[in-house]
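So you can see what is in the structure, the chains are spelled out below.
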Amino acid sequence: MGLSERIGAIQHSMDFISKARFDENVDRVCISMTENNFDLQPTRESGGNTNGTLDPEYTSWLKKHPSALGMFEQIMASGKGKKIIVFLDYDGTLSPIVDDPDRAFMSEMMRAAVREVAKYFPTAIISGRSREKVFKFVQLAGVYYAGSHGMDIMAPVLPLSTSDVKHQTRIDDKQGSGDVLFQPAKEFLPTIQEIIEELEEKTKCIHGVIIENNRFCISVHFRRVREEDYSELEELVKSIVKDYPQFHLTRGRKVIEIRPSIKWDKGYALEYMLDTLGYGNSNDVLAFYIGDDRTDEDAFRVLQAKKRGYPIIVSSIPKETSAVYSLQDPSEVMSFLLHLARWRRNSSSSKIVI
Ligand SMILES: [Mg+2]
């Protein structure tokens, strides 16, 4: 039975069984998929695109950024005896990019795969969304969450060597793993609110604009904006942000983002998390960072520079990147996560550091 038929069969069964039973079944299928070597090979190696024809540009890009699935054995051989840590972006990595950003749901299969990998390795999701929203999408307790491009991190309490402790606060309302919140841009909150109100008012005239409050940054989604209206929107956003010199614009997939101009991005967030997990200065760590967008490149560069693991880009088209390996789409990300979990299950526990 193919993957889509399996998913279909499981989803159909939701009509008859409780949600708890459903989750249990999804987990069982995920484990069975990995134990039976399901989907071991990347789908694009046989062709490069869905209609089976070779895309020479993509094929040559793949030589520079080989498939993390195709290279799985070699990658894991380099991590023998090391502590494995998994960092994941959310949109476009765990969920598809959809028209309505509020409906960027991850599949039950993907959730089960993340749950499975988090069972064995510290796992963190670093997203541009607000931390609360990412948790709402992912709904897994045993995972660390960082929202607003890492400006809102729920992390464990551990001695810090490089990070500033003044932005930390203890928390009671736990959503995921971690005991403290790290929020280096807290002082910007009132101004962020002010900018959101101005954006909402002034972009009303452009159809399809969605303003998302990501708490420590603002997303102006233009996935539903007509192409001919885009320049007007861009000019409008620029003109608003010009009046707030402490903020700057960045661009992502179908989104313009407004962020406080502090020295902080997903790269710093990655460093902070390695630090709080106790691996700031350790060479015995093999970290993976999987992401699809420009903002993930900051984390890719940090991981490369520190030689602490491998950045993996999710892309089905050739693009400039600091990533070492690639995965084509979220379904390959799921497959990679399941392979990690299977690798851990199949490894002798005496050889593995947990
Ligand atoms: Mg993304």
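What counts, and at which threshold
Residues numbered from 1 in each chain as written. Predicted model: local features only at pLDDT ≥ 70, side-chain atom pairs only at ≥ 80, totals over all residues. Helix = DSSP H or I, 4+ residues; strand = E, 2+ residues; numbered from the N terminus. Buried ≥ 20, exposed ≤ 12 C-beta atoms within 10 Å, placed from the backbone. Contact = placed C-beta atoms within 7 Å. Pairing = 2+ DSSP bridges. Axes fitted to C-alpha atoms, helices over the stretch in contact; angles between N-to-C directions. pLDDT = per-residue confidence, 0-100. Core = buried A, V, L, I, M, F, W, Y, C linked by C-beta atoms within 7 Å. Domains from an automatic or database assignment. Right-handed = clockwise from strand over helix to strand, strands pointing away. Expected span 1.5 Å × (residues − 1). Left-handed = near helix turned anticlockwise from the far one by under 90°.

(A) A look at the overall build of the chain. Each helix and strand counted, the chain has eleven helices and 13 strands in total. Burial analysis of the chain (354 residues in total) assigns 43% to the buried set. A fraction of 62% describes how many contacts in the chain between residues 6 or more apart in sequence connect residues 24 or more apart.

(B) Broad picture of the sheet that holds strand β8 (residues 218-221). With antiparallel pairing, four strands are arranged side by side in an open sheet as β7-β8-β10-β9. The outermost strands of the open sheet, each flanked by one partner alone, are β7 (210-213) and β9 (247-252). Each adjacent strand pair in this sheet contributes to an overall mean axis angle of 20 degrees, direction not counted. Of the pairings in the sheet, the one linking β9 to strand β10 (residues 255-260) comprises six bridges and is antiparallel in character. Among the inter-strand pairings, His248 is bridged to a residue of β10, identified as Arg259. The strands touched by helix α7 (residues 189-202) within the sheet are β7, β8, β9 and β10, with β8 carrying the most contacts at an inclination of about 15 degrees.

(C) Fine view of the pairing of strand β4 (residues 152-155). Along β4, one buried face is formed by Asp152 and Met154 and the opposite face, lined by Ile153 and Ala155, is buried too. The sheet contact formed by strand β3 (residues 144-147) and β4 spans two bridges and is antiparallel. Residue Ala146 lies in a different strand from β4, and its bridge partner there is Ile153. Counted along the chain from β3 to the antiparallel partner β4, the turn is four residues long, and its residue Ser148 has a positive phi close to 50 degrees. Pairing of β4 with strand β6 (residues 180-182) involves three bridges; the strand directions are antiparallel. In the sheet register, Ile153 faces β6, and the bridge partner there is Phe182.

(D) Highlighting the confidence of the model for the chain. Looking at the chain, pLDDT values average 84 and 77% of them are 70 or higher. Of all secondary-structure elements in the chain, the lowest mean pLDDT belongs to helix α1 (residues 3-13), at 48, while strand β13 (residues 325-327) reaches the highest, 98. For residues 7-20, every residue scores under 50 in pLDDT, and the model assigns this stretch nine contacts once sequence neighbours within four places are set aside. Of the regions scoring below 50 in pLDDT, residues 38-43 engages in 13 contacts with residues more than four places distant in sequence or in other chains.

(E) Molecular detail of the nonpolar core. Phe87, Ile125, Leu270, Met273, Tyr289, Ile312 and Leu337 are the most contacted members of the largest nonpolar core, which has 83 residues in total. Both domains that meet at this core, namely domain 1 (82-184 + 264-347) and domain 2 (187-260), each give it at least three residues. If we ignore the near neighbours within four places in the chain, the residues touching Leu337 are Ala113, Val114, Glu116 and Val117.

(F) Up close: the pairing of β3. In β3, alternate side chains face the same way, and those of Tyr144 and Ala146 on one face and Tyr145 and Gly147 on the other are all buried. Pairing analysis gives three bridges linking strand β2 (residues 123-126) to β3, with the strands arranged parallel. Residue pairing in the sheet places Ile126 in a bridge with Ala146 of β3. At this point the chain moves from β2, through helix α6 (residues 131-138), to the parallel β3, and the crossover so formed is right-handed.

(G) Highlighting the environment of Arg103. Tracing the chain through its elements places Arg103 in the loop between β1 (83-88) and α5 (108-120). Considering only alpha carbons, one finds Arg103 and Phe137, 34 residues apart in sequence, at a separation of 9.0 Å.

(H) Summary view of α5. Here α5 is 13 residues long and its end C-alpha atoms lie 19 Å apart, about the 18 Å a rise of 1.5 Å per residue gives. The element α5 is largely enclosed, with a buried count of eleven among its 13 residues.

(I) Structural detail: unusual backbone geometry. In this structure, Arg215 takes a positive phi of about 70 degrees despite not being glycine. Its place among the elements puts Arg215 in the loop between β7 and β8. Located in the positive-phi region is Lys254, a residue other than glycine, with phi close to 55 degrees. Note on placement: Lys254 falls in the loop between β9 and β10.

(J) Spotlight on the packing of α5 against helix α11 (residues 330-346). At a closest axis distance of 9 Å, the pairing of α5 and α11 adopts a crossing angle of 35 degrees. The crossing of α5 and α11 is left-handed. Of the residues in α11, those in contact with Met109, Met110, Ala113, Val114, Glu116, Val117 and Tyr120 of α5 are Pro330, Met334, Leu337, Leu338, Leu340, Ala341 and Arg344.

(K) Geometry of helix α9 (residues 266-276). Burial runs high along α9: ten of the eleven residues are buried. Lys266, Gly267, Tyr268, Ala269, Leu270, Glu271, Tyr272, Met273, Leu274 and Thr276 are the residues of α9 that are buried. Following α9 by one or two positions, Gly278 has its phi on the positive side, about 95 degrees.

(L) Structural detail: the environment of Glu297. Note on placement: Glu297 falls in helix α10 (residues 296-306). For the pair Glu297 and Thr321, spaced 24 residues apart in the sequence, the C-alpha separation amounts to 6.8 Å. Residues in contact with Glu297, not counting those within four places in the same chain, are Thr321 and Ser322.

(M) Quick peek at the environment of Arg111. As for its position among the elements, Arg111 is in helix α5. Of the residues examined, Arg111 has 21 C-beta atoms within 10 Å and is grouped as buried. On a C-alpha basis, the gap between Arg111 and Met334 in space is 9.0 Å, while along the polypeptide they are 223 residues apart. Excluding anything up to four places from it in sequence, Arg111 contacts Met106, Val138, Gln139 and Leu140.

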